[in-house]
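Observations on the three-dimensional arrangement
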Amino acid sequence: MISVRKAVTELELNDVFNLRYLVFCEEKGRINVSGDYFKNMIIDQYDTYESSINIVAYSKGNPVGVARINIDSEAGLPPDSYFDLNSIRKENSVCDGLLGSVSMLAIAPAWRNRGTLVSLFVETCRELKKLGVGTIVGSISDDTYSIYRRMGFVRVGDPVWSRSVNDSVSLIKSAAEPVYGWVNRIDSSREANRILTQ
């Protein structure tokens, strides 16, 4: 059984930063850790902002998945590190809602293809909706794009190679409502499944 929640305690935040390190550094070798880590943790400037929210999934007390939410501000968003978001900001300025990003999504290797990503992303979207996000962006490993496409995201422009993460990175975006609709369909199917198996 997986439980998903906002990471608010020091222990929960340490679990988030440690799982990032495990997945992005130890397993995938994707993030250049010079200056971005402290004792097997990945923490960056976007974790220090008041609007930053980390989501963590646990199984039997062990962290199995993490994601981070940021709301656009003068400090920018994580995708600003790789892409020019000005056109998206202009589009969003005439829409209802804030511009938010999802980043640092990591699933422990043993917990992939077991519903962890879906549970984590559903809770992340619930938080985005509570915050009033109308457009969601992210910078993702290009090889994960098909997952996000199923949730309603589209790739914006061409992928770019990033030396800092040793990977090809894509900018994705979606109006929030289709993504929230995906969450509602997942919740409805879970509820139907729960009722049928009682």
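Each remark here, short or long, concerns the structure printed above.
Residues numbered from 1 in each chain as written. Predicted model: local features only at pLDDT ≥ 70, side-chain atom pairs only at ≥ 80, totals over all residues. Heavy atoms only, no water.

Right, let's talk about the overall build of the chain for a bit. For the chain, the count of helices and strands is five helices and seven strands. Against the compact-globule benchmark of 16 Å for 198 residues, the chain has a radius of gyration of 16 Å, which places it among compact chains. In terms of overall dimensions, the chain has a C-alpha envelope of 50 × 45 × 30 Å along the principal axes. In the chain, which comprises 198 residues, the proportion classed as buried is 46%. (Helix = DSSP H or I, 4+ residues; strand = E, 2+ residues; numbered from the N terminus. Rg over C-alpha atoms; globule rule 2.2 N^0.38 Å. Buried < 20%, exposed > 50% of the residue type's maximum accessible area, 1.4 Å probe, protein only.)

Taken as a whole and assessed by the stated rule, the structure comprises six aromatic pairs. Considering the side-chain rings of F121 and Y148, the 6.3 Å spacing of their centres and the 80 degrees angle between planes classify their relative orientation as edge-to-face. You can see F121 sitting in helix α3 (residues 116-131) and its partner Y148 sitting in helix α4 (residues 145-150), a full 27 residues away along the chain. Note on Y148: relative accessible area 9%, which makes it buried. Following the ring pairs from residue to residue traces out a cluster consisting of F121, Y148, F153 and W182. One cation-aromatic arrangement involves R114 over W111; the distance from NZ or CZ to the ring centre is 3.8 Å. If you follow R155 out to its NZ or CZ, it ends over the ring of Y145, 4.1 Å from the centre. (Phe/Tyr/Trp six-rings, centres within 6.5 Å; stacked < 30°, edge-to-face > 60°. Lys NZ or Arg CZ within 6 Å of the ring centre and 35° of its normal.)

Moving on, we come to α3. Taking 1.5 Å per residue, 16 residues should reach 22 Å; α3 reaches 23 Å between its end C-alpha atoms and fits that length. Those residues of α3 that fall on the buried side of the exposure criterion are T116, S119, L120, F121, V122, E123, T124, C125, E127 and L128. Downstream of α3 by a residue or two, G132 has a phi angle that is positive, lying close to 85 degrees. (Expected span 1.5 Å × (residues − 1).)

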